Amino acid sequence: YITKENKQAYQYLKKQLIRLPRNEYVKVLVVDDSRQTRNYISSLLVRHKYKVIEACDGIEALKVLKENPEVSVVITDNEMPNMNGEDLCSEIRLQYSNDEKAIIGISSSNALHLSARFIKRGANDYLRKPFNAEEFYCRLSQNVDMLEYIATIKRQANSDYLTGLPNRRYFFEFTNKSLRQKSASNAEVGLAMIDVDHFKAINDNYGHDAGDEVLKALAHAFDSHFPGQLTARLGGEEFAVYFANDSQDESLALLDKFRAYLDTHSAGLTKHNIHFTVSIGFCNTASTNVDSLIKEADIKLYEAKHSGRNKVIS
Ligand code: GH3
Ligand code: MG
Ligand code: MG
Ligand code: MG
Ligand code: MG
C-alpha cells in the first residue's frame, strides 16, 4: 500500500533530511503477518535511523520483547494468525507499563471502534492504513517523546538534586521491595547510616557552598567504594548504604575502608582542601522493615558520634 501520497512524503523527507540523532537509541518492534507491510514500515523507520526488529504475529512479538528488553515502541497490525494486535496489547500491558513501552496499533480494517478497542487494551495510539508517512513519523516521535518525558521525571523524582545520588524516596521504595523479597528466604541484609562529622562547622568556617562541595565529593566517593550496593542521600549530610548481598564481615570491611579513605584523602577531594570525616552506624539483621533497620543503625551512629566520631560501630 505504498500510495502516491506516501511516495511524495518520502521525496519530501529525503530533501528535508529530518534526522533526529536520538532515534538511533530507539528500538521499534514491527508486528505484522504481511511481510510486505513489515518491510514497508521497517523501511520508514530505518530511513529515520530507528533501530528495527520484526515479528509476524502476537506470539512471536511477546517472545521478541522478552529477548530484546531495549525495545521501547511496538507497532502492531491487528489481524494476524495465532494472536491478534488487540490481544497482544493486553498481553504487553500485563508485563510492561505505559512508561516502559509505547504501542501503536495499525490496521486497514473498517471494523467499528477498532481504534478505541486498541487504546482500551493498552495501545497509546492508532493509525489507519494506508497512512501518510509524515503522520506516521509525527505520531511515533510523540510517543517516543512521552517515554522520554516520563523517564526524565522518574529520574528527577528519584534522585537528589545536589549530589545526583538516589534520594530518600527511591531508597525507601527500593529497600522495602528488596526486604519483602528477602523475607521469604529469611536472608540477612545490612544497612549503614553515614553522617559527616562536624558538618555545621564546615559550613560556618568555609561557607555553605563549600559545604555543598563536601557533600558532592562524598557522594562521588561512594561510587568507587560501594559498586554493588545501593547508596542514597537521606537528607542533609546523612547518607545510607544498603547491603543486600554481602556478609556482615564484608560490609564492615567496605565501610571501614571508606571511613579510612576519607580520613586520609578527603582534603584532596575538594577545592578548598577541606579535611572531613564520617561516622558510621551499621546493623545487620533479617528485618522486613527498613524503618527498623534505620532506627537500629541510627543508634549505632549515635554511639559512633559520642565515642569520638570518625569510626564505624556495629
Ligand atoms: P555531628 O558531627 O554531630 O554530626 O555534627 P554536625 O555539625 O555534622 O551535625 P548537625 O546536625 O548539627 O549539622 C548538620 C548541618 O548540615 C546543619 C545544616 O545546616 C547542614 N546542612 C544540611 N543540608 C545541607 C546542604 O544541603 N548543604 C549544606 N552546605 N549544608 C547542609
Ligand atoms: Mg494482518
Ligand atoms: Mg546531627
Ligand atoms: Mg553531622
Ligand atoms: Mg546529621
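Anything mentioned here points back to the structure above.
Everything numeric here is computed off the predicted structure, so don't read it as measured data. (Residues numbered from 1 in each chain as written. Chains lettered and ligands numbered in written order. Predicted model: local features only at pLDDT ≥ 70, side-chain atom pairs only at ≥ 80, totals over all residues.)

Undergrad: Looking at this structure, I do not really get the overall build of the protein chain. What am I missing?
TA: Within the protein chain one finds 11 helices and 10 strands. For 314 residues, the compact-globule estimate of 2.2 N^0.38 gives 20 Å, and the protein chain exceeds it by more than 25% at 27 Å. With the C-alpha coordinates of the protein chain rotated into their principal frame, the extents come out at 80 × 45 × 30 Å. Out of the 314 residues belonging to the protein chain, those deemed buried represent 32%. When contacts within the protein chain are restricted to residue pairs at least 6 apart in sequence, long-range pairs at least 24 apart make up 66% of them. (Helix = DSSP H or I, 4+ residues; strand = E, 2+ residues; numbered from the N terminus. Rg over C-alpha atoms; globule rule 2.2 N^0.38 Å. Buried ≥ 20, exposed ≤ 12 C-beta atoms within 10 Å, placed from the backbone. Contact = placed C-beta atoms within 7 Å.)

Undergrad: So what exactly am I meant to see when it comes to the sheet that holds strand E3 (residues 71-76) here?
TA: Note on sheets: strands pair through backbone hydrogen bonds, and any given pair is parallel or antiparallel. With parallel pairing, the five strands of this open sheet are ordered in space as E2-E1-E3-E4-E5. The two strands at the open ends of the sheet, each matched to only one other strand, are strand E2 (51-55) and strand E5 (125-128). The average undirected angle you get between the axes of adjacent strands in this sheet is 20 degrees. Pairing between strand E1 (residues 27-31) and E3: five bridges, direction parallel. Bridge assignment links Val-31 to a residue of E3, and that residue is Thr-76. The strands that helix H3 (residues 58-67) touches are E1, E2 and E3; relative to E1, the one it contacts most, it runs at about 160 degrees. (Pairing = 2+ DSSP bridges. Axes fitted to C-alpha atoms, helices over the stretch in contact; angles between N-to-C directions.)

Undergrad: What exactly am I supposed to notice about the site of ligand 1 here?
TA: Around ligand 1, 16 residues are found, and the nearest of them are Asp-197, Phe-199, Lys-200, Gly-211 and Gly-236. Those elements that place two or more of their residues in the shell around ligand 1 are strand E6 (189-196), helix H8 (199-206) and helix H9 (208-225). When residues in the shell around ligand 1 are grouped by element, the largest group, four residues, is from H9. For the shell around ligand 1, the per-class residue count stands at four nonpolar, five polar and seven charged. (Near = placed C-beta within 6 Å. Nonpolar A, V, L, I, M, F, W, Y, C, P; charged D, E, K, R; others polar.)

Undergrad: What should I look at first to understand the environment of His-198 in this one?
TA: Mapped onto the elements of the fold, His-198 is located in the loop between E6 and H8. C-beta crowding within 10 Å serves as the criterion here: with 14 such atoms nearby, His-198 is assigned to the partly exposed category. Sequence separation between His-198 and Glu-237 is 39 residues; the distance between their C-alpha atoms is 10.0 Å.

Undergrad: Mind showing me how you'd approach unusual backbone geometry here?
TA: Glycine aside, residues mostly have negative phi angles, and peptide bonds mostly take the trans form. Note that the residue after Lys-129, namely Pro-130, is joined by a cis bond; omega there is -5 degrees. Its location among the elements puts Pro-130 in the loop between E5 and helix H6 (133-158).

Undergrad: I would appreciate a short explanation of the nonpolar core in the present structure.
TA: Soluble, globular proteins show a tendency: their nonpolar side chains are buried together. Judged by nonpolar contacts, the single largest core of 36 residues is most densely connected at Leu-191, Ala-192, Ala-240, Ile-280 and Ala-297. The contact partners of Ala-297, leaving out residues within four places of it in the chain, are Leu-191, Ala-192, Met-193, Gly-281, Phe-282 and Cys-283. Of all hydrophobic cores here, the second largest spans 29 residues; its members include Val-31, Leu-44, Ile-92 and Ala-123. (Core = buried A, V, L, I, M, F, W, Y, C linked by C-beta atoms within 7 Å.)

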